[in-house]
Amino acid sequence: MDPKKQTAIIVLIAVIATAGIVVGITYFVMAPSDRKEADALEIYHWWTSGGEAAAVGALVDVFEDLYPDTVVIQSAVAGGSGTTMIPIITALVLAGEAPDAFQMHAGYEGIAYFDAGLLENINHIWADNNLEAVIPDVVQSMSQFDGDYYMVPVNIHRSNVIWYNLPELTAISVDPKTIDTWTEFFAACDAFELANPTKDAISLGESWTQAHLFEQILASQGIAVYEDWINGDIISASNSDLLAALDILNQFMGYTNADFNSLSWDAATDLIIQGDSIFNIMGDWANGEFLVANSVYDTDYGTIAVPGTNDMYGLVVDAFQHPKNVAHPTNSERWLEVVASKAGQDAFNPLKGSISARTDSNLALYGPYHDWTFADFETVTYMFPSVVHGSGAPQSFSSELSSVINAFTTGAATKSATAIAIANLAADNAADYTTVWALD
Ligand code: GAL
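Note that the structure is a prediction, hence the values are computed from the model and not measured.

How each quantity is defined
- Residues numbered from 1 in each chain as written.
- Predicted model: local features only at pLDDT ≥ 70, side-chain atom pairs only at ≥ 80, totals over all residues.
- Heavy atoms only, no water.
- Helix = DSSP H or I, 4+ residues; strand = E, 2+ residues; numbered from the N terminus.
- Buried < 20%, exposed > 50% of the residue type's maximum accessible area, 1.4 Å probe, protein only.
- Contact = heavy atoms within 4.5 Å.
- Areas by Shrake-Rupley, 256 points an atom, 1.4 Å probe, with all protein chains shown as cover.
- Lys, Arg positive; Asp, Glu negative; His and termini not counted.
- Charge placed at Lys NZ, Arg CZ, Asp CG, Glu CD.
- Near = heavy atom within 4 Å.
- Polar contact = N/O pair within 3.5 Å; in protein donor to acceptor, adjacent residues only side chain to side chain.
- 1 Å grid on protein atoms, 1.4 Å probe; cavity = no way out; pocket = protein on both sides within 12 Å on 5 of 7 lines; lining within 4 Å.
- Sits in = over half its atoms within 2 Å of the grid points.
- Nonpolar A, V, L, I, M, F, W, Y, C, P; charged D, E, K, R; others polar.
- Domains from an automatic or database assignment.
- Pairing = 2+ DSSP bridges.
- Core = buried A, V, L, I, M, F, W, Y, C linked by side-chain atoms within 4.5 Å.
- Salt bridge = Lys/Arg side-chain N within 4 Å of Asp/Glu carboxyl O.
- Buried area = accessible area lost by both parts, 1.4 Å probe.
- Points joined across faces, edges and corners; volume = space filled by probe spheres on them.
- Right-handed = clockwise from strand over helix to strand, strands pointing away.
- Axes fitted to C-alpha atoms, helices over the stretch in contact; angles between N-to-C directions.

(A) Molecular detail of the overall build of the chain. Along the chain, the regular secondary structure elements total 19 helices and 14 strands. Projecting the C-alpha coordinates of the chain onto the three principal axes gives extents of approximately 80 × 50 × 45 Å. A total of 440 residues make up the chain; the buried ones form 54% of that total. Restricting the contact set of the chain to residue pairs at least 6 apart, pairs at least 24 apart contribute 77%. For the chain, the computed accessible surface area is about 17,600 Å², with 55% contributed by carbon and sulfur atoms. Here the chain contributes 13 positive and 55 negative side-chain charges, whose respective centroids are spaced 12 Å apart.

(B) Region of interest: the site of the ligand. Around the ligand sit 14 residues in total, of which Glu52, His105, Asp318, Lys352 and His389 are the nearest. Contact distances for the ligand include 3.0 Å between an oxygen atom and a side-chain N or O atom of Trp47. When the ligand is considered free in solution it has 300 Å² of accessible area, and contact with the protein chains removes 100% of it. Assessed atom by atom at 2 Å from the grid points, the ligand resides in the largest cavity. Classifying every residue of the shell around the ligand gives 5 nonpolar, 6 polar and 3 charged. A domain split of the shell around the ligand shows at least three residues from each of domain 1 (40–157 + 316–377) and domain 2 (161–315 + 384–429).

(C) Spatial organisation of the sheet that holds strand S4 (residues 104–105). With antiparallel pairing, 3 strands are arranged side by side in an open sheet as S4-S13-S7. One side of each edge strand has no neighbouring strand; the edge strands of this open sheet are S4 and strand S7 (152–153). With 2 bridges joining them, S7 and strand S13 (residues 318–320) adopt antiparallel strand pairing. Bridge pairing in S13 places Pro153 opposite Ala319.

(D) Local environment of the nonpolar core. Core analysis: the largest hydrophobic core is formed by 138 residues, its most contacted members being Phe185, Phe214, Trp229, Phe279 and Trp335. Apart from residues no more than four positions distant in its own chain, Trp335 is found in contact with Leu41, Ile43, Leu59, Val60, Phe63, Ala101 and Phe320.

(E) Local environment of the pattern of salt bridges. For the structure shown, the criterion picks out 3 salt bridges. Of the charged contacts in the structure, one is a salt bridge between Asp376 and Arg158, with a shortest N-O distance of 2.8 Å. Highlighted residues: Asp376 in helix H17 (residues 368–379) and Arg158 in strand S8 (residues 157–158), separated in sequence by 218 residues. Note on Arg158: relative accessible area 0%, which makes it buried.

(F) Just unusual backbone geometry, in detail. For Ser81, which is not glycine, the phi torsion reads 65 degrees and is therefore positive. Looking at where Ser81 falls in the secondary structure, it is placed in the loop between strand S2 (71–76) and helix H4 (85–94). A relative accessible area of 10% means that Ser81 is categorised as buried. Positive phi is not limited to glycine here, since Asn325 has a value of about 60 degrees. Among the secondary structure elements, Asn325 is positioned in the loop between S13 and helix H15 (329–340). Using a relative accessible area of 66% as the deciding quantity, one classes Asn325 as exposed.

(G) Just the side chain of Gln140, in detail. Looking at the secondary structure, you find Gln140 in helix H7 (residues 137–142). Looking at Gln140, its side chain comes within polar contact range of the main-chain oxygen of Ile135, at 2.7 Å. Discounting residues that sit within four places of it in the chain, Gln140 has contacts with Trp126, Glu132, Ile135 and Tyr149.

(H) Main features of the domain arrangement of the chain. As assigned here, the chain comprises domain 1 (40–157 + 316–377) and domain 2 (161–315 + 384–429). Each of domain 1 and domain 2 has a C-alpha centre, and the two are 26 Å apart. Each partner contributes residues to the interface: domain 1 has 32 residues there, and domain 2 has 30 residues. Summing both partners gives a buried area of about 2,400 Å² for domain 1 against domain 2, and 64% of it is carried by carbon and sulfur.

(I) Structural view of the layout of surface pockets. Counted as a void, the largest pocket has a volume near 670 Å³. What lines the largest pocket is a set of 34 residues, and nearest its centre among them are Gly107, Tyr108, Ile111, Thr434 and Thr435. At the level of elements, H4, helix H5 (111–115), H7, strand S5 (144–145), strand S14 (382–385) and helix H18 (395–409) are the ones that each hand at least two residues to the lining of the largest pocket. Broken down by element, the residue count for the lining of the largest pocket peaks at 5 residues, all from H5. In terms of residue class, the lining of the largest pocket is made up of 18 nonpolar, 11 polar and 5 charged.

(J) Layout of the pairing of S2. The pairing of strand S1 (residues 40–45) with S2 spans 6 bridges and is parallel. Within S2, the position partnered with Glu42 by the bridge is Ile73. What joins S1 to S2 is helix H3 (residues 50–66), and the crossover it makes is right-handed.

(K) Focus on the sheet that holds strand S9 (residues 161–165). One open sheet accounts for 3 strands, arranged S10-S9-S11; its pairing is antiparallel. For this open sheet the edge positions go to strand S10 (279–281) and strand S11 (301–305), each flanked by a neighbour on one side alone. If you compare each strand with its neighbour and ignore which way they point, the axes differ by 25 degrees on average. Strand direction decides the pairing type here: S9 and S10, joined by 3 bridges, are antiparallel. Looking at S10, one finds that Tyr164 is bridged to Phe279. This element, H17, spans S9 and S11 of the sheet and lies at about 10 degrees to S11.

As structure tokens, this is what we get:
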């Protein structure tokens, strides 16, 4: 090599090495606490759809306004309902490599971390921020393990929602607000498909969205049925409510797009936005997609509760926690305080579709869809925690449910084989049921 070039390379290497040593020495002479706080906050979440990303962006903005010197690293793992992220984060947490905070459903989902002693008790955050005064009891208890707080909720989503395309329903003279039963719902589907022979009345997405749908159909059989289910008490394959729910699901599948297994939840929502289908059953994170598409509530689209669940509110609660031994413990707790704050919740939830987990929210910041959910949350008789979204039943049950339901929706399993599989799941995981729900 040309000696000049060689010298230049040696000088460059020396400069880089010296810089590295200086940075290293500076790092080690810092007090350990400063070292850890070298100012960053890393959070994991799966909010990657248009509406979800806008919402978490607004929440991060609130944090950054308060702590402008802290770099927020959003590690976002695509995959609705956390299907991709949950196994990744579980492996990280159990290996002691947890980020400063991560999206998790309130309820059962975090029990494995709690049992392994990997979560910090955050009673002080609840007390210092007076959260018990503003967070509904049902969400308070979902945020605890063994009577202590281990997470703060960022929202309350509603799961039992039908999203519809209003102009398409008007075109077939159906007033969606009059649909109260599955019979009326399927009659509207027939009318739409008669008028639009190349279209499917219902849009449906990938595996977990099918399990989400099954959960809503089961709730439509009555709160007592749902309560038995999440208490692990439906253990007979001849349970008539379970069989009736599978019959409805089977009928439902007759109206859906054929490519359901390959559509994400937001792609299925988009079919409603585009008027390719009239109905989609999904949690109210879907509202974020309508907002991003500039669809207008009660003009372009609207919502009703799933038939038979008018008086119920299906709960999906997203939360964050303070894992033990994280790189930035102070920032972890600052994040939790922002998540729990009125400003944080009122920035996040109007875009996310959920209502605030706080009762003191500024309703003027929310849109017309939220008028419906804020009002219903106050007036419904029953709340029911979601199984598919980590709250209502042990993970050992929920994680298997999607594949059991998917075998049925794709025709790979018969009704009786599916009923046996669902009943067996509860029986096989009996030891993991630690909560006795009383939903009335
Ligand atoms: C749910 C989560 C929501 C939303 C949805 C789709 O499990 O609670 O916040 O993100 O998945 O990704």
